[in-house]
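Structure at a glance
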Amino acid sequence: MGKMAWQPEENGLRQILQLLKESQSPDTATQRNVQQKLEELNKYPDFNNYLIFVLTKLTTEDDPTRSLSGLILKNNVRAHFEKFPPEVTNFIKQECLNSIGDPSPLIRATIGILVTTIVAKGELRNWTELLPSLCSSLDSDDYNVCEGAFGALQKICEDTAEDLDNDSTRPLNILIPKFLQFFKHNSPKIRSHAIACVNQFIISRTQALMVHIDAFIENLFFLATDEDTEVRKNVCRALVMLVEVRMDRLIPHINSIIEYMMLRTQDDDDSVALEACEFWLSLAEQPICKDVLASHIERLVPVLVKGMKYSEIDIILLKGDVEEDEMVPDKESDIKPRFHKSRTHSQKHQDGEEDGELSDDGFDDDDSLSDWNLRKCSAAALDVLANVFREEILPILLPILKETLFHNDWDIKESGILVLGAIAEGCMNGMIPHLPELIPYLISRLSDKKALVRSITCWTLSRYAHWVVGQPHENYLKPLMTELLKRVLDSNKRVQEAACSAFATLEEEACTELVPYLGFILETLVYAFNKYQHKNLLILYDAIGTLADSVGHHLNKPDYVNMLMPPLIQKWNVLKDEDKDLFPLLECLSSVATALQSGFLPYCEPVYRRCVSLVEQTLNQNYMSMSHPDRYEPPDKDFMIVALDLLSGLAEGLEQHIEALVANSNILKLLFQCMQDPMPEVRQSSFALLGDLTKACFQHVKPCIGDFMPILGSNLNPEFISVCNNATWAIGEISIKMVATEMQPYVTLVLAPLIDIINRPNTPKTLLENTAITIGRLGLVCPQEVAPSLQQFIRQWCTSLRNIRDNEEKDSAFRGVCHMINVNPGGVVQDFIFFCDAVASWSQPKADLKDMFYKILHGFKNQVGEENWTKFSDQFPQPLRERLAVHYAV
């Protein structure tokens, strides 16, 4: 006789069932008690045997109780699987496979979750019978066994697709053809599992699927008319991914695919329509989009517009009939985590634009809805297609706009206003003739009686802010600003939020054009402080920070400072150090400090101290959690990042006035630790602060240079763009504060990586510009050391700096290059035309710099002789020839 299978003891089983009953209680004290008991029971090795026993064998209990037992077991596997004794592990695995076909769908699904959790623990290798067993269960005549096995396989494919592909036994070579056989199974649930399994391998272009790609596509077409919503959803999902991965295979059938997807985008089931609508987003990214869609676009646009109307369910969920809710406090669960955008040092360009990312297109205007829905997806699709077709889609849209914008039903009018915003970017040129009548109409809709119309109008107007700011102020900017500020104080929270965001966009577009209206703007924003509930306060901070960024030192008037600072400081005082609301407030203060400059002095000391203390607390907490991971949670490093960024803002705004604060604190010691943090965002902000402190009070930075320079050198890795960018900039700032003998030891450390970066293809513009400036500055201080490498970088150096505006950084960099050319004139000969072009990019160089340019240009001309110079300068474009002749007489 073999050894007896494990059997539970009555008493133990009773305890565990009692525990499972209690854990279904809503009472928090009971819940805490349950957690405590679970932790005690985890000390018994066969506790997990009891849990699997309840899940798979104890049919006397109800399904929810059995399922709960399985979910507790799953958590144990996730937390302690390595510590399970082998006989427990084997018992659990065996039971899972034996009960995969349990008659209850809930139990089958729970077993599937348990199986995929064990596989995720790297157990594919140690559970050799798993895949063969599930695979043969697929062929079972018992529906429950087939469905249970498929459910488990789908979860494994979702969670560990990569491991399956990399497994030495090549299971996918068997599984994928097997899945394809089930596309025509008579049960819709099984068909749906089969497609979902294969779908996991499209994006990664898994070889085992690619060899069957035609059979896969053929099977998808066969399912096109399937009645089942899950099946249709998975078919749409597959086609959306195939557009990205195997467009070549879809092209022969593309017209029928487009027809099919237009049909599905209007599916009665919203979740199918949403999956199908993603197709247009995917297709728009393909170069072939315009060609394949041209014959369909006339019919597609009305479909998308129809999808942009709020559904009845949306309106109920959005409480669209509640017009006034400003007094209702926010639920904490409605407040989404925000992402802090760390500081990056960048240049202003000739055409006046800063090198910023495009603002988000704002299709996430109603966050309390499940975040992505058909309305947003349709709007996003119209937006990208407008960018593909440009003005060509206006003849289709204009009649639709005429009909919807002035419609009597508010929800249709609302969708027309959304359409107008969605096409703003792509169709801007074609819209300009219509804007003089449309903008006043939209401004009038800001006082519509429906809150949802007012809120979407804020967004749409913000999409045309660029045009508005370019017209005479009286015509549109003033009325828009007046009405938008009224909406900032609307009695509806969604409108407040939309108006605040739209106003921030207007600020970015208008910049100093807003200076005459500052008093009026600040009055409104400060009034909103006392009016807003939690969530909108966070957006208000952003609007104030953006205002400070946009008007700069114009904000530094005693009246303005006295209006703005008290409410900000009051919030600052009530927030605790561990409150995440500090993030947006610190960001806002950072912008305000930089703008107010000396005007911030009365407030700077407590702000400075608290930031240093936030950095120190985070570092200490990090140290504790590294030393005792079982006892201490790791800290949220965002506190440290945001604090470092505010310190940068203070250093930039207060300049030398920050010296005394730095002298009386240990910030440089802390900075030394932050610069070595494994998290890139921490290093990025550390290097920004280092650069700003170098500019503000180098005497405190200088003693640490020996420690700092090697760290800076090791961070010149362009894989982390922003870290690399800020480290590069800081090296440049440090070098111009040093003299040649002090800087020499470090040149070899940083020069080679900088030259690599400037020669790399596809390096972002900001990083190229900062790298060029830093190389120039190193050459200014140590020309003897840098000049020999001139030929390796001069061409890229010239092209990357020709587009930035005259400023101090550009000035020091060009002086450096002039010094290097004097040391090694041969290094520039081959690329002299690029140097000429870069010199011509200056509008007003300082007199002595202009003189350096003059000498180099004439030196070169004399060197080659009149005749050769004429030949050479004949290659110049006309404007360049003229500029050099006028300014430098060559």
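Everything that follows concerns the structure shown earlier in this document.
These notes cover the structure that comes with them.

What counts, and where the lines are drawn
- Residues numbered from 1 in each chain as written.
- Predicted model: local features only at pLDDT ≥ 70, side-chain atom pairs only at ≥ 80, totals over all residues.
- Heavy atoms only, no water.
- Helix = DSSP H or I, 4+ residues; strand = E, 2+ residues; numbered from the N terminus.
- Buried < 20%, exposed > 50% of the residue type's maximum accessible area, 1.4 Å probe, protein only.
- Contact = heavy atoms within 4.5 Å.
- Core = buried A, V, L, I, M, F, W, Y, C linked by side-chain atoms within 4.5 Å.
- Patch = residues over 30% accessible without salt bridge, like charges linked within 9 Å, V, L, I, M, F, W, Y side chains within 5 Å.
- Areas by Shrake-Rupley, 256 points an atom, 1.4 Å probe, with all protein chains shown as cover.
- Salt bridge = Lys/Arg side-chain N within 4 Å of Asp/Glu carboxyl O.
- Lys, Arg positive; Asp, Glu negative; His and termini not counted.
- Charge placed at Lys NZ, Arg CZ, Asp CG, Glu CD.
- Axes fitted to C-alpha atoms, helices over the stretch in contact; angles between N-to-C directions.
- Parallel < 35°, antiparallel > 145°, perpendicular 65-115°, else oblique.
- Left-handed = near helix turned anticlockwise from the far one by under 90°.
- Nonpolar A, V, L, I, M, F, W, Y, C, P; charged D, E, K, R; others polar.
- Phe/Tyr/Trp six-rings, centres within 6.5 Å; stacked < 30°, edge-to-face > 60°.

**So, the overall build of the chain**
Per the secondary structure count, the chain includes 48 helices and zero strands. For the chain, the C-alpha atoms occupy an extent of roughly 105 × 65 × 65 Å along the three principal directions. By residue count, 56% of the 890 residues in the chain fall in the buried class. In the chain, once contacts between residues fewer than 6 apart in sequence are set aside, the share between residues at least 24 apart is 75%.

**Brief notes about the nonpolar core**
Counting residues in hydrophobic clusters, the biggest one holds 317 residues, and the most contacted among them are Phe216, Trp280, Phe600, Leu650 and Trp797. In terms of residues, this core owes the most to one element, helix α34 (residues 638–654), which gives 11 residues. Apart from the residues within four sequence positions on either side, phenylalanine 216 is in contact with Leu180, Phe183, Val198, Asn199, Ile202, Leu209, Ala238 and Leu242.

**Notes on a negative patch on the surface**
A surface patch of negative charge is lined by Glu508, Glu509, Asp542 and Asp549. Elements represented by at least two residues in the negative patch include exactly α28 (493–510) and α30 (534–551). According to the relative accessible area criterion, aspartate 542 is partly exposed, its value standing at 40%.

**Here's the deal with helix α9 (residues 172–181)**
Of all the positions in α9, only Leu172, Leu175, Ile176, Lys178, Phe179 and Leu180 are classed as buried. For α9, the secondary structure elements touched by its buried residues are α7 (130–138), α8 (143–166), α10 (188–199), α11 (207–210) and α12 (213–222).

**Structural notes on the packing of α30 against helix α32 (residues 582–596)**
Between α30 and α32, whose axes approach to 8 Å, the crossing angle comes to 20 degrees. What the angle tells us is that α30 and α32 run roughly parallel. Along this stretch, α30 crosses α32, giving a crossing that reads as left-handed. Contacts from Leu538, Tyr541, Ile544, Gly545, Ala548 and Asp549 of α30 reach α32 at Pro584, Leu585, Cys588, Ser591, Val592 and Ala595. Of the residues assigned to the contact of α30 with α32, the class counts are nine nonpolar, two polar and one charged.

**Focus on the side chain of serine 415**
Mapped onto the secondary structure, serine 415 falls in helix α22 (residues 410–422). With relative accessibility at 3%, the residue serine 415 sits in the buried group. Ignoring anything within four residues of it in the chain, the contact list for serine 415 reads Met308 and Lys309.

**Remarks on a nonpolar patch on the surface**
Together, Tyr623, Met624 and Tyr632 make up a nonpolar patch on the protein surface, roughly 320 Å² of accessible area in all. Within the fold, methionine 624 resides in helix α33 (residues 601–627). For methionine 624, a relative accessible area of 30% gives the class partly exposed.

**Things to note about the pattern of salt bridges**
In total, this model carries 44 salt bridges according to the counting rule given. In this structure, aspartate 448 and arginine 445 form a salt bridge, with 3.0 Å as the shortest nitrogen-oxygen distance. Here lysine 486 and glutamate 483 are joined by a salt bridge, their closest N and O atoms 2.9 Å apart. Placement of both lysine 486 and glutamate 483 in helix α27 (residues 477–488) is noted, with a separation of three residues, approximately one turn of the helix.

**A few points about the packing of aromatic side chains**
Per the stated rule, a full pass over the model turns up 25 aromatic pairs. With 5.5 Å between their ring centres and 85 degrees between their planes, phenylalanine 814 and tryptophan 842 make a pair best called edge-to-face. Here phenylalanine 814, found in helix α44 (residues 808–823), pairs with tryptophan 842, found in the loop between α45 (832–840) and α46 (847–864); they are 28 residues apart in sequence, far enough to count as distant. Each member of the pair, phenylalanine 814 together with tryptophan 842, is buried. Geometrically, the ring pair formed by tryptophan 869 and phenylalanine 872 is tilted, given 5.5 Å between the ring centres and 55 degrees between the ring planes. One end of the pair, tryptophan 869, and the other, phenylalanine 872, are both in helix α47 (residues 866–873), three residues apart, so they sit about a helical turn from each other.

**Here we look at the environment of alanine 752**
As for its position among the elements, alanine 752 is in helix α40 (residues 740–759). Taking relative accessible area as the criterion, alanine 752 reaches 45% and is therefore assigned partly exposed. Residues alanine 752 and leucine 547 lie 205 residues apart in sequence; the distance between their C-alpha atoms is 41 Å.

**Observations regarding unusual backbone geometry**
Backbone geometry places arginine 205, a non-glycine residue, at a positive phi of 50 degrees. Its place among the elements puts arginine 205 in the loop between α10 and α11. Classification of arginine 205 by relative accessible area gives partly exposed; the value is 47%. Located in the positive-phi region is asparagine 762, a residue other than glycine, with phi close to 60 degrees. Relative to the assigned elements, asparagine 762 resides in the loop between α40 and α41 (765–781). Residue classification places asparagine 762 among the exposed residues on the basis of a relative accessible area of 77%.

**Quick word on the environment of tyrosine 541**
Take tyrosine 541: it is sitting in helix α30. Here tyrosine 541 falls in the buried class, since its relative accessible area comes to 3%. Considered as a pair, tyrosine 541 and leucine 525 are 16 residues apart in the sequence and their alpha carbons are 9.3 Å apart. The residues touching tyrosine 541, leaving out its near neighbours within four places in the chain, are Phe529, Leu568, Lys571, Asp581, Pro584, Leu585 and Cys588.

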